[in-house]
Each structure stands twice: as C-alpha cells, then as structure tokens.
Amino acid sequence: MSVNREELKKMIDHITEQDAVEVLDFIGYLNMKREREALNNLERASVSSMDFWDNEVDDEVWNDV
C-alpha cells in the first residue's frame, strides 16, 4: 500500500491538538514495535549462531588464548 506523505501531512495539519498527541503516541508505539522486532530477530540469530561455536574442539583451542 502506497501512502501519499504530503496528503498525510495535510491531514495532520487539520486535526485537533489532542488528536495530534494521540497520533504522536501511536507513531512512537509503531517505532517501538519495529525496534523490538529487530531486537528479537537479532537475539534469535545470536542464539542460533551460539550452537555453531559451542563445541569441545573450539572450547579447547580458546582455553589457551
């Protein structure tokens, strides 16, 4: 879905101050949700890569470093 950002800006210019506060709050929520999803993806990637490094051969090599 394509959004005309200029039209969106015009609509924001015509809402009440209270509605603008709610819009700002909702945008903050969307940003937080996106950041949380990115963090969860990063966490899942790091956990899956830990399995690769968790082995006796590498542990023995790194013990002497």
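Below you will find a few notes about this structure. (Residues numbered from 1 in each chain as written. Predicted model: local features only at pLDDT ≥ 70, side-chain atom pairs only at ≥ 80, totals over all residues. Heavy atoms only, no water.)

Now for the overall build of the protein chain. When helices and strands are tallied, the protein chain shows 3 helices and 0 strands. In sequence order, the protein chain lays out its α and β elements as α-α-α. Principal-axis analysis of the C-alpha atoms places the extent of the protein chain at approximately 65 × 25 × 15 Å. Within the protein chain, buried positions represent 0% of all 65 residues. Put simply, the protein chain shows about 6600 Å² of open surface, and 58% of that area lies on carbon and sulfur atoms. Counting 7 positive and 17 negative side-chain charges, the protein chain places the averaged centre of each group 15 Å from the other. (Helix = DSSP H or I, 4+ residues; strand = E, 2+ residues; numbered from the N terminus. Buried < 20%, exposed > 50% of the residue type's maximum accessible area, 1.4 Å probe, protein only. Areas by Shrake-Rupley, 256 points an atom, 1.4 Å probe, with all protein chains shown as cover. Lys, Arg positive; Asp, Glu negative; His and termini not counted. Charge placed at Lys NZ, Arg CZ, Asp CG, Glu CD.)

Moving on, we get to the pattern of salt bridges. Scanning the model with the defined rule gives 1 salt bridge in all. Put simply, Lys 9 and Glu 6 hold a salt bridge, and the shortest N to O gap is 3.4 Å. Taken together, the residues Lys 9 and Glu 6, both in helix 1 (residues 5–13) and 3 residues apart, mark about one turn of the helix. Assessed through its relative accessible area of 48%, Glu 6 is described here as partly exposed. (Salt bridge = Lys/Arg side-chain N within 4 Å of Asp/Glu carboxyl O.)

A separate point is a negative patch on the surface. A grouping of Asp 51, Asp 54, Glu 56, Asp 59, Glu 60 and Asp 64 is seen on the molecular surface, where their side chains present a negatively charged patch. Ranked by the residues each element gives to the negative patch, the list is headed by helix 3 (residues 56–63), at 3 residues. Along the polypeptide, Asp 54 turns up in the loop between helix 2 (17–53) and helix 3. (Patch = residues over 30% accessible without salt bridge, like charges linked within 9 Å, V, L, I, M, F, W, Y side chains within 5 Å.)

This part covers a nonpolar patch on the surface. A contiguous nonpolar patch, built from Met 1, Val 3, Leu 8, Met 11, Ile 12, Ile 15, Val 23 and Ile 27 and spanning about 770 Å² of accessible area, is present on the exposed surface. Listing elements by their share of the nonpolar patch, those giving two or more residues are helix 1 and helix 2. Considering the arrangement of structural elements, one finds Leu 8 in helix 1.

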